[in-house]
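What follows is the residue order along each chain.
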Amino acid sequence: MTPRTFGPAPAWSADGHRIKAPLEYFRGPDKTWVYGALRVADGAAVTMTAASRNSDCYQRFLQRLEDADPGHGDIWVIADNLSGHNSLATRTWPADHPRIQHAFIPVGACRLNLQEAWWRIFRHHALAGVSFADSKDIDHATRIATAQLNQRAKPWVWGRPPPAPRRLRRQFVYSL
């Protein structure tokens, strides 16, 4: 092995070890929560940012869902068991909005929710590798990413498509 004649890459130390940056995590007053819903039939999504994750913000999001779907059919919301989704105020809210129906997924079974796969795609488009100065920047990135994803939306199907049938590459013929 010959010694290198150039310096290490910026993220590496001189002895060849990766430099680890400390995580900057804090709980400050300026938080932003992103609410989102996916219409499985056509792949369109609705998002909303809020400063809190409580029943009032969730009900505003449900109203936004109802406004975004002008059809006259029921809207089924599949939600996790967050306290804001299951509070008394949220359970009585659908009395005035009969189109909204709730279904709760079992605890620890997020794989049953198609929204989780959409969140992964959304985070990649809107939030990955970006530093935001404040909540207005997060709201702006959320609106842009949702609009871009809705432009190329397709119906969502749970699971993977079945594999294509394998074709035999060779056929052996035995003659006696």
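Residues numbered from 1 in each chain as written. Predicted model: local features only at pLDDT ≥ 70, side-chain atom pairs only at ≥ 80, totals over all residues. Heavy atoms only, no water.

1. Quick word on the environment of Ala 79
We count it as follows: To qualify as a helix, a DSSP run of H or I must reach at least 4 residues; to qualify as a strand, a run of E must reach at least 2; elements of each kind are numbered from the N terminus. Only protein chains enter the accessibility calculation, which uses a 1.4 Å probe; a residue is then buried when its area is under 20% of its type maximum, exposed when over 50%, and partly exposed in between. Residue contacts are defined here by distance: any two heavy atoms, one from each residue, within 4.5 Å place the two residues in contact.
Along the polypeptide, Ala 79 turns up in strand β3 (residues 75–79). For Ala 79, a relative accessible area of 4% puts it in the buried group. Ala 79 sits 23 residues away from His 102 along the chain, and the two C-alpha atoms are 7.1 Å apart. If we ignore the near neighbours within four places in the chain, the residues touching Ala 79 are Tyr 58, His 85, His 102, Ala 103, Phe 104 and Ile 105.

2. Section: the side chain of Thr 146
Convention followed: A 3.5 Å cut-off defines polar contacts: any pair of N or O atoms within that distance qualifies, except that in protein one atom must be a possible hydrogen donor and the other a possible acceptor, and neighbouring residues in sequence count only when both atoms are side-chain atoms.
Within the element layout of this structure, Thr 146 appears in helix α4 (residues 135–151). In this structure Thr 146 comes out as buried when scored by relative accessible area, which is 7%. A polar contact of 2.7 Å, which involves the side chain of Thr 146, links it to the backbone oxygen of Thr 142. Look past the residues within four positions of Thr 146 in its chain and what remains in contact with it is Ala 45, Thr 47 and Phe 122.

3. Concerning the packing of aromatic side chains
Let me state the cut-off plainly: Here a Phe, Tyr or Trp ring, Trp counted by its six-membered ring, pairs with any other such ring whose centre lies within 6.5 Å, and the pair is stacked when the planes are under 30 degrees apart, edge-to-face when over 60, and tilted otherwise. Definition used: whenever NZ (Lys) or CZ (Arg) falls within 6 Å of the ring centre and also within 35 degrees of the ring normal, the charge is taken to sit over that ring.
Evaluation of the coordinates by the stated rule reveals five aromatic pairs. When the centroid spacing of 5.5 Å and the interplanar angle of 65° are considered together, the rings of Trp 118 and Trp 119 count as edge-to-face. Residue Trp 118 is classed as buried on the basis of its relative accessible area, which comes to 3%. The exposure class assigned to Trp 119 is buried, which follows from its relative accessible area of 15%. Put simply, the rings of Tyr 35, Tyr 58 and Phe 61 touch in pairs and so form one group of aromatic residues. The residue whose ring lies beneath Arg 53 is Trp 33, and the NZ or CZ to ring-centre distance is 4.4 Å.

4. Notes on the packing of helix α3 (residues 114–126) against α4
In plain terms, the rule: Note on method: axes are straight lines fitted to C-alpha atoms, helices fitted across the in-contact stretch only, with angles between N-to-C directions ranging 0 to 180 degrees. Angular relationships are summarised with four words: roughly parallel below 35 degrees, roughly antiparallel beyond 145, roughly perpendicular across 65 to 115, and oblique for the angles in between. Working rule for handedness: look at the near helix, and if it is turned counterclockwise from the far one by less than a right angle, call the crossing left-handed; if clockwise, right-handed.
One way to put it is that α3 packs onto α4 with a least axis distance of 9 Å and a crossing angle of 120°. By the angle between their axes, α3 is oblique relative to α4. Where α3 crosses over α4, the two elements pack in a sense that is right-handed. In this structure, α3 contributes Trp 118, Ile 121, Phe 122, His 125 and Ala 126 to the contact, and α4 contributes Ala 141, Thr 142, Ala 145, Thr 146 and Leu 149.

None of this, on its own, says anything about what the molecule does.
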